[in-house]
Amino acid sequence: MNLLESLNPEQCAAVEHPGGALLVIAGAGSGKTRVLTARIARLLANGVLPRAILAFTFTNRAAREMRARIGAVVGVPGSAGGVGRELWVGTFHATCVRLLRREAEAAGIPRGFAIYDREDQEAVIRGLVKKLELPETAFRVGTVLARISDAKNELVGPAEFERVAASPHERRLAEVYGLYQKELARNGALDFDDLIGVTVRLLHDRPDVAERYGQRFQHVLVDEYQDTNHAQFRLVHALAAVHGNLFVVGDDDQSIYGWRGADLSNVLEFERAFPGATVLRLEQNYRSTGNILRAANAVIAHNRARKGKTLWCEREAGARLRFALAEDEFDEARRVRRFLEDHVRRGRRLDEAAVLYRTNAQSRALESELLQQGLAHEIVGGVSFYQRREVKDLLAYLRLAVNPADAVAFWRVWNTPRRGLGSAVRREVEAVMSGRGVTPVEALRALVREGALSRAAARGADRLLGVLDELATRLEDPVDLLFMRLLAGTDYLRHLESLGEEDCEDRRANVEELAAAAGGFAARGEGALSDFLAETALLTDVDRLAEGVDRVLLLTAHNAKGLEFDSVVVAGLEEGLFPHGSALEDAAELEEERRLFYVALTRARDEVLLTAAATRRRFGALGGPLGGQVSRFVEEVPAELLEREVSPALAWQPRTGGARWEGGGVGASTVALRRGWSEPVREAPGRSGRNRTPEPAGRRGAVHRVIGREVYHEVFGRGIVVDAEDAAGDLKCTVRFASGTKKVMGRFLTGGSDGDPA
DNA sequence: TGCGTTGACCCTGGA
DNA sequence: GGTCAACGCA
């Protein structure tokens, strides 16, 4: 296969670019992966050595696929040896791990450093908040971590954070940040952000190292450049500075990771950062039908912060997009399921369809419908495989074997399975740790040796140390053998059974899958235990997706990036959900939501179904319902491209700036559902609401109808009702105003558009 | 120390 | 509606 054949002129220009900095603005479905692959193949064909090429991809999966394609083109079979090993293709994180393992000494970190995921980070922060006796409300673990992560993405260390702190709270945060870094260092651990940050620091502090890698990687390529953050930009800059051969591909309209520091100015100001840079544009779409593309173009045109481009295609117009307004999330799930059945009826495979949503929580209703109806599916994301409790437990043992300083791993497993070790012993171990400056493993060993423990505790400690010592002496064994030793040594499977949980079988299956993963890793002969552990830390559900399994995927729009399907459902298109409520009051965040919707739409080749639900429960049946307005994004799709199906129980009236539904339907369906708790939830599929006369809306209905509504208040101005409750013949509304969220009685509010008191 | 119950928090997104 | 930590009791 010749990758250069059948490239269009713009693609060709990119692939043949002589060198220097090049930015390729590549629209959705414009063949950017092909261009990147062809570019690398071209470089190799021109005599560039594989070891002189470094390519960053967004997912491990993309890296694997790219390596395979390049291998096929340049005729090197497999990934082992030759091109596969010499050519560096990987995500930012995986690449940094690889570099840091080689340069651990120069970077001042242990070679077997652990990689802390979110859960590990939380354990560290929780310990600090407790130790410093900080108020847990003001220092919520998630918030603290988010602030630290933001700082790291901007390459701001604790000292700098302290310097710019604007309040006592911020100074306290700086302190926590500093102690967090100390704790990670003591544990021999790096968090995800550190992987990038420490590499950048290494290249900055050690010009000799920077020079070495700069000389080696004569060509640096970056995919999904629009989602790089400042730290990643600096990394790329440092590596490419020597020769300036930087080839980046991105699409400002698909930038969807602003919340984790992605900096669109990396794209928008590329030419300033790299003087003399060339910019090329790929605007021909090879993926979607004309209608889908027109819809996507129309929607994204509402964004102001963009370079501006219009995709075109040669494909036929195809079917119109469909929009279904459902009564609630269960009705929505049924409509989705019927759409999928149609897809199969058209002779397509289920794995050529996907259901996309904004939040992972939405998967529940969808999954239960698909389960009931026996439609094969797979949920991607949420709690991923390597985050399952049993998987993390077992991995924690392996982590300890490689790095006994890893206190988070130690405390995770020291009494799992139960060994009679509790909080009393823990306090003693911690005292020895801080008193003598030793690892938790050594502290425990010392306590045993010195006879400081009760007989029962000493026996438990002996068992734990026995397992850890056995692993430690066999570090060079193949990973799968080591894993079997671990299972036997801890009797972990019996521990699982002893828990007597309902999902015992699932957990057992996960342990077996982990064993299989270890076996696969060993068979590939790709290296040490620490490499296996890094892989488990960095692989995501998307990376692990199997090819050729005939099932529909359920996943977030974020996770769908880079994938494509014949048929795509975008579910939950309601104001407050998609676009998400947290983005409604910020123009920039709203534009990011729109880009996310654009990404979702452009995953589709042939058929699109958009769905919304008039009511939707949060936190299960007990939480308040969400809902009120169809997403503005649906309204931004030109009407002639959209085929609307509305549940007959809902009187639906489109208006400018977002459609609303009114009348008894919403209230009635909610009432019916509430009643239906102990009864069959709903009538047979396919007939929902068709022959039903809507009941008159009671006060319940009134409550549900005001939520999401735009209102006006004499003092506070315009706001959005986020919640409401009955109060003495009126509604007590919780309203989000620009100045903050307040509780206001309904009689003080006027409706935003219809003037009717809410 | 082990175990069951209660109650808080949760549900933007993810390497 | 699910998870997890704190709490109280055996």
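Above this text is the structure in question.
Values in this document were obtained by computation on a predicted structure and should not be read as measured data.

Rules behind the numbers
- Numbers given for residues are sequential positions, taken from 1 along each chain in its written order.
- In the order they appear in the text, chains get letters beginning with A and ligands get numbers beginning with 1.
- Reporting of local features is limited, given that this is a predicted model, to residues whose pLDDT is at least 70; pairs of side-chain atoms are given and counted only at 80 or more, and all residues count toward the totals for whole chains, interfaces and linings.
- Side-chain metrics in this entry use all non-hydrogen atoms of the structure; hydrogen atoms and water are not considered.
- In this scheme, strands are said to pair when DSSP sees at least two bridges between them.
- A run of DSSP states H or I qualifies as a helix once it reaches four residues; a run of E qualifies as a strand once it reaches two. Both are numbered from the N-terminal end.
- Axis lines are fitted through C-alpha atoms, for helices just across the contact stretch, and the angle between N-to-C directions can take any value from 0 to 180 degrees.
- We call two residues in contact whenever any of their non-hydrogen atoms come within 4.5 Å of each other.
- Stacked, tilted and edge-to-face are the three classes assigned to paired rings of Phe, Tyr and Trp, where Trp is represented by its six-membered ring and a pair needs centres within 6.5 Å; plane angles under 30 degrees give stacked, over 60 edge-to-face, the rest tilted.
- Relative accessibility under 20% of the residue-type maximum defines a buried residue, over 50% an exposed one, and the middle range a partly exposed one, all with a 1.4 Å probe and only protein chains included.
- For a lysine, the NZ atom is tested; for an arginine, the CZ atom; a charge sits over a ring if that atom is within 6 Å of the ring centre and within 35 degrees of the ring normal.
- Assignment of crossover handedness uses the view with strands pointing away from the viewer, where a clockwise path from the first strand over the helix to the second indicates a right-handed crossover.

Description of the sheet that holds strand 7 (residues 246-250)
Okay, so step 1: Read across the open sheet, the six strands follow the order 3-2-6-7-1-8; overall the sheet is parallel. Every other strand in the sheet has two partners, leaving strand 3 (88-91) and strand 8 (278-282) as the edge strands with one partner each. Strand after strand, the sheet turns through a mean of 15° between neighbouring axes, direction not considered.
Okay, so step 2: Docked against the sheet, helix 5 (residues 92-102) engages strand 2 (53-57), strand 3 and strand 6 (219-222), running at close to 120° with respect to strand 3.

Re the sheet that holds strand 12 (residues 552-556)
Okay, so step 1: Spatially, 11-12-10-13-14-9-17 is the arrangement adopted by the seven strands of the open sheet, whose pairing is parallel. The sheet terminates laterally at strand 11 (377-379) and strand 17 (642-646), the two strands that pair on one side only. Neighbour-to-neighbour, the strand axes of the sheet open up by a mean angle of 20°, direction not taken into account.
Okay, so step 2: As defined by bridge partners, strand 11 adjoins strand 12 across three bridges and the pair is classed as parallel.

Observations regarding the packing of aromatic side chains
The description of an aromatic ring pair rests on the distance of the ring centres and on the angle between the ring planes.
Okay, so step 1: Throughout the structure, instances matching the rule amount to 18 aromatic pairs.
Okay, so step 2: Ring centres of Phe 56 and Phe 92 lie 4.1 Å apart, and the angle between their planes is 5°; on these two criteria the pair is classed as stacked. Here the residue Phe 56 occupies a position in strand 2, and Phe 92 occupies one in helix 5, the gap between them amounting to 36 residues.
Okay, so step 3: We classify Phe 56 as buried; its relative accessible area is 2%.
Okay, so step 4: Phe 92 gets classed as buried once you look at its relative accessible area, which sits at 7%.
Okay, so step 5: Grouped by ring-pair contacts, the aromatic residues Tyr 225, Phe 233, Phe 270 and Phe 274 constitute a single cluster.
Okay, so step 6: The ring of Phe 113 has Arg 101 lying over it, and the distance from NZ or CZ to the ring centre is 4.1 Å.
Okay, so step 7: Between the NZ or CZ atom of Arg 426 and the centre of the ring of Trp 411, over which it lies, the distance is 4.1 Å.

Points about the pairing of strand 6
Okay, so step 1: By the alternation rule, side chains of strand 6 split into His 219 and Leu 221 and Val 220 and Val 222, which are all buried.
Okay, so step 2: With four bridges connecting them, strand 2 and strand 6 associate as parallel partners. Bridged to Ile 53 within strand 6 is His 219.
Okay, so step 3: Taken together, the three bridges between strand 6 and strand 7 define a ladder with parallel strand orientation. Note that in strand 7 the partner of Val 222 across the bridge is Val 248.
Okay, so step 4: Between the parallel elements strand 6 and strand 7, the chain passes through helix 13 (residues 230-240) in a crossover that is right-handed.

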